[in-house]
Amino acid sequence: MTSSNTTISSGGTVSQQLLDTINGTSSSSTSSTGSSSSDLQTTFLKLLVTQMQNQDPTNPMDSSQMTSQLAQINTVTGISQLNTTLSSLSSQLSAGQNAQASLLIGQSVLVPGSTTTVAGGASSGFGVSLDSSVADLTVTIKNSSGQIVNTLDLGAQQAGTIPVAFRPVDSSGNTLADGTYTISAAGRSTTGATTAETTLSGAQVQSVVQQSGGGTGLLLNNGTTVDMTKVVAIL
């Protein structure tokens, strides 16, 4: 069809743009979210008026059908407005989360991990997360070669997060060399059953970063980046 307008029945016309919109063949560029709710409503009303003007007088449009169509366009408009509102709220929440995360810069935190760092005779610390109480909790510390350098007996512990203030020495009391050490934890129940427990790495927050998925990430001084929601404790 080459004409800019198309005649319907008794002489009414519908713009080619309206027909293209109805048929989904519009060549004009649109945004990823489609036409705005206002444009969609205007297009719908033009179509409805044209349909009423050119209806068969012997078989006029059922008023219930017209009411149903109006209800449908109102629903579509409402959904479009809701999406806009939610997008705005999401941006505001993200900005608020970044502001909160900035307060953690310089703070020591516990995050899921199985290492602790020793530097200048000081340890970054670590922790253990218990799903249930244990009669005895033991933490094993190994060097980069896999050799056990120390074992800590923390005794009975209740369920929850247990921060461990570790003085970086071996089993003989000698200061550990600077480096990264591996930690593992085992809990013993009152019946004598032993289970592996979740360990937590201690680190200092250096900066706040925006992650690829849109979430807020924390850059730690051990070189790793973790999602803010992964922080188990602030020391």
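Residues numbered from 1 in each chain as written. Predicted model: local features only at pLDDT ≥ 70, side-chain atom pairs only at ≥ 80, totals over all residues. Heavy atoms only, no water.

**Student:** Sorry, what's going on with the packing of aromatic side chains here?
**Tutor:** Centre distance and the angle of the planes are the two values used to describe a pair of aromatic rings. Applying the stated criterion to the full structure yields one aromatic pair. Between F126 and F166, the aromatic rings sit 5.8 Å apart at their centres with planes inclined by 50°, giving tilted as the arrangement. Note that F126 is positioned in strand β6 (residues 126-130) and F166 in the loop between β9 (160-164) and β10 (179-188), a separation of 40 residues in sequence. Judged by relative accessible area, which is 1%, F126 ranks as buried. (Phe/Tyr/Trp six-rings, centres within 6.5 Å; stacked < 30°, edge-to-face > 60°. Helix = DSSP H or I, 4+ residues; strand = E, 2+ residues; numbered from the N terminus. Buried < 20%, exposed > 50% of the residue type's maximum accessible area, 1.4 Å probe, protein only.)

**Student:** Explanation requested: the confidence of the model for the chain in the structure shown.
**Tutor:** On average, the chain scores 80 in pLDDT, and the residues at 70 or more come to 75%. Averaged over each element, pLDDT in the chain is lowest for strand β1 (residues 5-8) (45) and highest for strand β7 (residues 134-142) (97). Across residues 1-14 the pLDDT falls below 50, and counting only partners more than four positions away or on other chains, this stretch makes 28 contacts in the model. (pLDDT = per-residue confidence, 0-100. Contact = heavy atoms within 4.5 Å.)

**Student:** Can you walk me through the side chain of S201 in this structure?
**Tutor:** Relative to the assigned elements, S201 resides in strand β11 (residues 194-210). Looking at S201, its side chain comes within polar contact range of the main-chain oxygen of T115, at 2.8 Å. The contacts of S201, once residues within four sequence positions are left out, are V109, L110, V111, P112, G113, S114, T115, G125 and F126. (Polar contact = N/O pair within 3.5 Å; in protein donor to acceptor, adjacent residues only side chain to side chain.)

**Student:** Is there a simple way to think about the pairing of strand β12 (residues 216-220) in this case?
**Tutor:** Regular strands have side chains that alternate between both faces of the sheet. Burial within β12 is extensive, with four of its five residues counted as buried. The sheet contact formed by β11 and β12 spans five bridges and is antiparallel. From the neighbouring strand, Q210 faces β12, where its bridge partner is T216. For β12 and strand β13 (residues 225-227), the ladder comprises three bridges, and the chain directions are antiparallel. Residue G217 lies in a different strand from β13, and its bridge partner there is D227. Between β12 and β13, which pair antiparallel one after the other, the connecting turn spans four residues, and G223 there sits at a positive phi close to 90°. (Pairing = 2+ DSSP bridges.)

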